[in-house]
Amino acid sequence: MEIVAGAGIGEEGGDRLVVPVLSGLTWGPGAAEVRDALDGRVETFLEAVDFEAKRGQVAVLPVDDQLPYGDVMFVGLGDEVDAEALRRAAGTAAARSARSRTVATTLHRLDIDGAVEAVAVGYLLGAYSFDRYRSDPTPRRNDRLVLIDAGEVEDEIASGRTIADGVALARDLVNEPAVAKPPEALAEIARGLSESVRVDVYDEAACAEMGFGGLLAVAAGSARPPRMVVMRYEPDDATASLALVGKGIVFDSGGLSLKPAKSMEEMKTDMAGAAAVFGATKAIASLGLPVKVVAVTPITENMPGGGATRPGDVLTAYNGKTIEVLNTDAEGRLVLADALAYVAETEPDLIVDLATLTGACKVALGPKIAGVLGNDDDAIGRVVGAARAAGESVWQLPLEREYRKMIDSSIADMKNTGERWGGAITAALLLDEFVDDRPWVHLDIAGPARASSDEHYIAKGGTGFGVRTLVELARSLAP
Ligand code: BES
Ligand code: MN
Ligand code: ZN
């Protein structure tokens, strides 16, 4: 998809012109010009199709030679316009314009900071589809977006593209079937992320030598060996350091504590945290942000093979703490334990982990909102602010230390499951044992990592949730 800065509405031309309209039919940039060109037809048309400019509403009006476009698409923005409203409107326009080769728009002319980047991100993501496994994919002709009267916006277009590419990478990896993503294949993808990212991969033997007991315990039941992937981006001008950790369970069958069939259907998604860390690391490096990043993704598969870890087994994690595994389906926290302890040793300013960790978090916050927990209010505030700027929904849950006794074990330092209630919190309390009291924020993305239907710039399937928040976070650390 090409995105270019163009001239005026009358000078450009194409298959479609997309113009924004606010509630109460308040005309956005360019809409008045369109209305004048079509003398009077616009109001009658919008009234006839009940267009009220609600968020997400669109109406398409074919035009003749009054304007150099095949049709005009009016997109509703609702009452309040912010960057996320632009992303969503652009995403809706892209998703519904698959058959229009060239689309021009004035959306970016709304008076919002970062409008061009937001429109670029929303449009590119709205045009995303995962077609690898279709023998006859619906053709997408849409390959050119023209930003009307845009001026000098090449840099903003480029940063928007970089961010959208990071999100698309994460989506692709999540959408890929588990059979096609053995841990070693994901490690190879990490190696190819960027020339400015140095990658070390620990294979099974190296993991044993390192003492990654959590990762090995989860991997024990799988025929495909695990990998601990360590990515480092170390720009000379770094002014802050950020550690990222992503859960990379390429398939979660539950292990011997086997999941019911229905719950397994979407468990290829259980590496969405790792996928987001890949996408964000690539984007941060490509943007050249002056932040040192160490990104670690434990990658394995949770299977019930003959060598599998049994309920009641005890493992020793990288920092020497022991965990009694009572439910092998609470595997995410085991692999994260090693990765968190490992990055804590590098003494970063901030540790952020992303994980499709608990069904309990999805129950608490629903499918669109990630849970945020952590040990440091400033750090949590920073991540919540970054998420807001990026347009990703997060909500804080308490890291209630009174619940720590729920994961007391009768024979080890802790057990890997709590009681019935508060599952997102007890999972985070286990992670807290491995960050060595460094500032740490945990994002439980069990809900928003996948979407059950298409909506604005989201396509059903992997969403790439977290990539944009992490990029904004890195930007906020490097003002
Ligand atoms: N990967 C799952 C969590 C999950 C559930 C993600 C639904 C996305 C959608 C995780 O490994 C898991 O199985 N958690 C268990 C923990 C329990 C056994 C303590 C859960 O949430 O049921
Ligand atoms: Mn599980
Ligand atoms: Zn899992």
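Please refer to the structure placed before this passage.
Values in this document were obtained by computation on a predicted structure and should not be read as measured data.

Asker: Teacher, can you tell me more about helix 15 (residues 467-477) here?
Answerer: Structurally, the α-helix is built with 3.6 residues per turn, so residues lying three or four positions apart point the same way. Of all the eleven residues making up helix 15, nine are buried; the element is thus mostly covered by neighbouring parts of the structure. Restricting attention to buried positions, one finds in helix 15 the residues V467, R468, T469, L470, V471, E472, L473, A474 and L477.

Asker: Help me out: how do you make sense of the sheet that holds strand 13 (residues 313-316) in this one?
Answerer: The pairing of strands in a sheet comes from backbone hydrogen bonds and takes either a parallel or an antiparallel form. Taken in spatial order, the three strands of this open sheet run 13-14-18, and their pairing is mixed. At either end of the open sheet lies a strand with only one pairing partner, and these are strand 13 and strand 18 (414-415). Note that strand 13 and strand 14 (residues 322-325) share four bridges and pair antiparallel. Paired with V314 across the bridge in strand 14 is E324.

Asker: What should I look at first to understand empty space enclosed by the protein in this one?
Answerer: Rolled over the atoms, a probe as big as a water molecule pinpoints where empty space is left. Counted according to the given criterion, the structure contains one cavity of 30 Å³ or more. Approximately 80 Å³ is the volume attributed to the largest cavity. Together, 13 residues line the largest cavity, and A217, V218, N302, T309 and T328 are the ones closest to its centre. Of the residues contributing to the lining of the largest cavity, the split by class is seven nonpolar, five polar and one charged.

Asker: Help me understand the coordination of the manganese ion (ligand 2) in this model?
Answerer: Ideal coordination angles are 109.5 degrees for a metal with four donors arranged tetrahedrally and 90 or 180 degrees for a metal with six donors arranged octahedrally. Protein ligation of the manganese ion (ligand 2) involves D252 (OD), D329 (O), D329 (OD) and E331 (OE), the donor distances falling in the range 2.1 to 2.2 Å. Coordination at the manganese ion (ligand 2) is irregular, judged from the six donor atoms that bind it and the angles of 71 to 170 degrees they form at the metal. Counting the intervening residues between successive donors of the manganese ion (ligand 2) yields the motif D-x76-D-x1-E. Between the two metals, the manganese ion (ligand 2) and the zinc ion (ligand 3), the spacing is 3.1 Å, and D252 donates to both. In this pair, D252 is assigned in strand 11 (residues 248-252) and E331 in the loop between strand 14 and helix 11 (332-344), connecting sequence segments 79 residues apart. Here E331 falls in the buried class, since its relative accessible area comes to 1%.

Asker: What is the right way to look at the site of ligand 1 in this model?
Answerer: Surrounding ligand 1, one finds 16 residues, the nearest of these being K259, D270, D329, E331 and G359. At 2.8 Å from an oxygen atom of ligand 1 is found a side-chain nitrogen or oxygen belonging to E331. A total of 520 Å² of accessible area belongs to ligand 1 in isolation, and the protein chains cover 76% of it. Of the residues in the shell around ligand 1, the class split is four nonpolar, five polar and seven charged.

Asker: Looking at this structure, I do not really get helix 3 (residues 83-95). What am I missing?
Answerer: Taking 1.5 Å as the rise per residue, helix 3 with 13 residues should run 18 Å; its terminal C-alpha atoms sit 18 Å apart, in good agreement. Restricting attention to buried positions, one finds in helix 3 the residues A83, E84, A85, L86, R87, A89, A90, G91, T92, A93 and A94. Those residues of helix 3 hidden inside the fold are in contact with strand 2 (14-22), strand 4 (58-62), strand 5 (69-76), helix 4 (115-126), helix 13 (377-390) and helix 15.

Asker: Would you explain the environment of G122 in this entry?
Answerer: Looking at where G122 falls in the secondary structure, it is placed in helix 4. If near-sequence neighbours (up to four positions away) are discounted, G122 is found in contact with R87, A90, G91 and Y457.

Asker: Just checking my understanding: could you explain the packing of aromatic side chains for this structure?
Answerer: What describes a pair of aromatic rings is the distance from one ring centre to the other and the angle between the planes of the rings. Per the stated rule, a full pass over the model turns up seven aromatic pairs. Consider the rings of F130 and Y133, whose centres lie 6.1 Å apart with planes at 40 degrees: the pair is tilted. Residue classification places F130 among the partly exposed residues on the basis of a relative accessible area of 21%. Since its relative accessible area comes to 48%, Y133 is described here as partly exposed.

Scoring rules and cut-offs
- Residues numbered from 1 in each chain as written.
- Chains lettered and ligands numbered in written order.
- Predicted model: local features only at pLDDT ≥ 70, side-chain atom pairs only at ≥ 80, totals over all residues.
- Heavy atoms only, no water.
- Buried < 20%, exposed > 50% of the residue type's maximum accessible area, 1.4 Å probe, protein only.
- Helix = DSSP H or I, 4+ residues; strand = E, 2+ residues; numbered from the N terminus.
- Pairing = 2+ DSSP bridges.
- 1 Å grid on protein atoms, 1.4 Å probe; cavity = no way out; pocket = protein on both sides within 12 Å on 5 of 7 lines; lining within 4 Å.
- Points joined across faces, edges and corners; volume = space filled by probe spheres on them.
- Nonpolar A, V, L, I, M, F, W, Y, C, P; charged D, E, K, R; others polar.
- Donors = N, O, S within 2.8 Å, 3.2 Å for Na, K, Ca; no water.
- Tetrahedral: all angles 85-135°; square planar, octahedral: opposite > 155°, others 65-115°.
- Near = heavy atom within 4 Å.
- Polar contact = N/O pair within 3.5 Å; in protein donor to acceptor, adjacent residues only side chain to side chain.
- Areas by Shrake-Rupley, 256 points an atom, 1.4 Å probe, with all protein chains shown as cover.
- Expected span 1.5 Å × (residues − 1).
- Contact = heavy atoms within 4.5 Å.
- Phe/Tyr/Trp six-rings, centres within 6.5 Å; stacked < 30°, edge-to-face > 60°.

Any functional reading would require information beyond the geometric quantities listed.
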